[in-house]
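Descriptive analysis of the structure
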Amino acid sequence: LWTVDDLSNLSTSYPQITQAADFIRNNEVVAFPTETVYGLGANACSDDAVRKIFEAKGRPSDNPLIVHIASIEQLEEIVEDVSGYAYQLIKAFWPGPLTLVLRKKANQLSTFVTAGLDTVAVRMPNHPVALEIIAKSGVPVAAPSANRSGKPSPTQANHVYHDLDGKISGIIDGGPTGVGVESTVLDCTSDIPTILRPGGITKQQLESIIGKVNVDQALIEEGHTPKSPGMKYTHYAPNAPVVIIDGSHKYMQNIINQYEEQGKNVGVLTTEEGLNHFQAQKVIACGTRKDLNTVAANLYDVLRQFDKEEVDVIISESFPLDGVGEAIMNRLLKAAGNNVIVEE
Ligand code: TXA
Ligand code: MG
C-alpha cells in the first residue's frame, strides 16, 4: 500500500507511481484511484496480465473490461475510426467518467479484455494519479473496479485492501475517490448511442452535447419492475440483503419495526435529512438530499460499513432519478436484487 497525498507534483515526488507503472509494464496488477472508483490495472495488451485481473477479482471471464488511456493517440491505436458524435463527447467529457464502447482494431489488445467481442470500452479517467500511471506505463491499461466480483466498488484504498490484499502487487492510496459511482458506459456503435450503464455523466449532459441518446431497454425494465423478487441479480452487494423503501419515513420505520420484531438487527440507509426519523440498530446517513452527488460519493462506503456492523438486513431509502440519481438507483436496485417495497 503506497500513499500519495500531494497530487500537485506527481512525477517528481512519488517513486511509487513510477514503480506502479513499472509493475503494469511488466504484466503485474496494481490498484490505483480514478475519479469514480479505484481500478485494478494491468497491461491490456497482455493475456497474462489480464488473466491476473480476472483471477484476483474472481470475475467471470465473459464480462469485458474497460481500457484506460492517457492520450488520444492511445485511442487511435486501439479503435477503428471515432465517429462524429463520439468525437464530440470526447471533447466535452474526457478526461472524465464516460466510457465509450467503440469498434476495436484487430490484434492490438488481449482478447480477454474484450471477452471476445469486436468492440472495446475505453475511457480517459480524470484523476492525476491514474493518468500519470497510465502515461508512464506506456501501455493501454485494462482496469475494472478493484473489488472482489459482486461486492460494492471501492471508493477508498482500504476497501481495495480489504478485498484484494495478498492477491495483487500493490495499491496506490490517493484518498477517497470523488464521484463514487462508476463511469457511464455508452455504446457508440450505432447512429444513436445507447447508455448501457448509468454513471458519472448523466443522460442530460450527453444530450446537451449530441441530442438524442437511447437507454438500454434492460435498464428501463429493471427500474420499472422493481418488485420482482425472483430477479436475484445481485451485484454491488453487501453481505446483508438490501430492501429499498419507496415511501414516507413513517412507513419505513414500520417496516424496520417488523424486522426487529422478528429479532433481526436492522441497518438503515438514509441521508442527513432522515437521521432523526429512524430508530434501528444502526442508522447511517449517506450524504444529503440537497446534493445527490454526495449520496453517490458515499454510497459504496456506507454499504461496506453495514458489513462491519454485521446487520441482518439493510433498509434503504430510495432516491429521485434526476441526474446522478439514475446511477445511484441502478446500483441500489442491483444491491437489493430489485427488492423494493412501495407504500400504497
Ligand atoms: O468508473 C469506472 O468505469 C471504473 C473505473 C475503474 O474506471 N471501472 C469499472 O469497470 O467500473 P468494471 O469492469 O467494473 O465495469 C465495466 C463495465 C461492465 O459492466 C462491462 O460489462 C462493460 O463495462 N463493458 C466493458 N466492455 C464492454 C463492451 N465491449 N461492450 C459492452 N459493455 C462493455
Ligand atoms: Mg465493477
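As a convention, each chain's residues are numbered from 1 in the sequence order in which they are written. Chains and ligands are labelled sequentially in the order written, the chains with letters from A and the ligands with numbers from 1. Local features in this predicted model are restricted to residues whose pLDDT is 70 or higher, and side-chain atom pairs enter the listing and the counts only when it is 80 or higher, whereas totals over whole chains, interfaces and linings include all residues. Calculated side-chain values reflect all of the structure's heavy atoms, with hydrogen atoms and water omitted.

UniProt positions are given in the numbering used here, feature names are shortened, and annotations may be inferred rather than shown by experiment. Listed under "binding site: L-threonine" (unreviewed entry) in the UniProt record, and renumbered for this structure, are T36, H68, R123, A143 and S183. The largest pairwise C-alpha distance within this set of annotated residues, which runs over 148 residues, is 12.7 Å, so the set is compact in three dimensions. To qualify as a helix, a DSSP run of H or I must reach at least 4 residues; to qualify as a strand, a run of E must reach at least 2; elements of each kind are numbered from the N terminus. Tracing the backbone shows R123 in strand β6 (residues 119-123). Only protein chains enter the accessibility calculation, which uses a 1.4 Å probe; a residue whose area is less than 20% of its type maximum is buried, one above 50% is exposed, and one in between is partly exposed. Owing to a relative accessible area of 2%, R123 belongs among the buried residues under this scheme. Here A143 is to be found in the loop between β7 (141-142) and α7 (157-164). For A143, a relative accessible area of 5% gives the class buried. Throughout, a contact is declared for two residues whenever any of their heavy atoms are within 4.5 Å. Apart from residues no more than four positions distant in its own chain, A143 is found in contact with F32, G39, L40, G41, I66 and H68.

Helical periodicity: at 3.6 residues per turn, an α-helix aligns residues three or four positions apart in one direction. In a regular helix each residue adds 1.5 Å, so 18 residues correspond to 26 Å; helix α11 (residues 292-309) covers 25 Å between its end C-alpha atoms and thus fits that length. The term bend refers to the angle at a residue between two fitted axes, each drawn through seven residues, those ending there and those starting there. At N298, α11 shows its largest kink, close to 45°. Those residues of α11 that fall on the buried side of the exposure criterion are L292, V295, A296, L299, Y300, D301, V302, L303, R304, F306 and D307. The elements touched by buried residues of α11 are α7, β13 (266-270), β14 (282-285), β15 (313-317) and α12 (325-335). Phi turns positive, to about 55°, at E310, one or two residues after α11. Take the residue count of a helix, subtract one, and multiply by 1.5 Å to get its expected span.

Attention now goes to the confidence of the model for the protein chain. For every residue, the predictor reports its confidence as pLDDT, a number between 0 and 100. Here the protein chain averages 92 in pLDDT, while 93% of its residues score no lower than 70. Between residues 224-233, whose pLDDT stays under 50, and residues either more than four places distant or in other chains, the model counts 16 contacts. Scored as a whole, the predicted complex attains pTM 0.94, and scored at its interfaces, ipTM 0.99.

What follows is about the UniProt feature "binding site: ATP" (unreviewed entry) in the protein chain. UniProt's feature table lists "binding site: ATP" (unreviewed entry) at R59, N63, T119, S145, S153, R197 and Y236, given in the numbering used throughout. Over a stretch of 178 residues, the named residues are scattered through the fold, their C-alpha atoms separated by up to 24.8 Å. Judged by its relative accessible area of 32%, N63 is partly exposed. With residues near it in sequence (within four places) discarded, N63 still touches F54 and A115. Residue placement: R197 occurs in strand β10 (residues 194-197). Pairs of N or O atoms are called polar contacts if they sit within 3.5 Å, as long as, within protein, a hydrogen donor faces a hydrogen acceptor (for residues adjacent in sequence, only side-chain-to-side-chain pairs). Within polar-contact distance, the side chain of R197 engages the backbone oxygen of S183 at 3.0 Å.

Another point: the pairing of β15. For β15, the tally of buried residues reaches five of five residues, placing the bulk of the element in the interior. Covered by surrounding structure in β15 are V313, I315 and E317 together with I314 and S316, the residues of both alternating faces. Each pair of strands is called paired provided DSSP finds at least two bridges between the two strands. Direction of pairing for strand β12 (residues 242-246) relative to β15: parallel, over a ladder of four bridges. Considered in β15, the bridge of I244 is made with S316.

This part covers the packing of aromatic side chains. Any two of the Phe, Tyr and Trp rings considered here, Trp counted by its six-membered ring, make a pair once their centres fall within 6.5 Å; the pair's planes then place it as stacked at under 30 degrees, edge-to-face at over 60, or tilted in between. Following the criterion strictly, the structure yields one aromatic pair and no others. Ring plane angle 10° and centroid distance 5.9 Å describe the contact between Y236 and Y300, whose orientation is recorded as stacked. Of this pair, Y236 sits in the loop between α9 (217-224) and β12 while Y300 sits in helix α11, placing them 64 residues apart in sequence. The pair formed by Y236 and Y300 is uniform in burial state, with each residue classed as buried.

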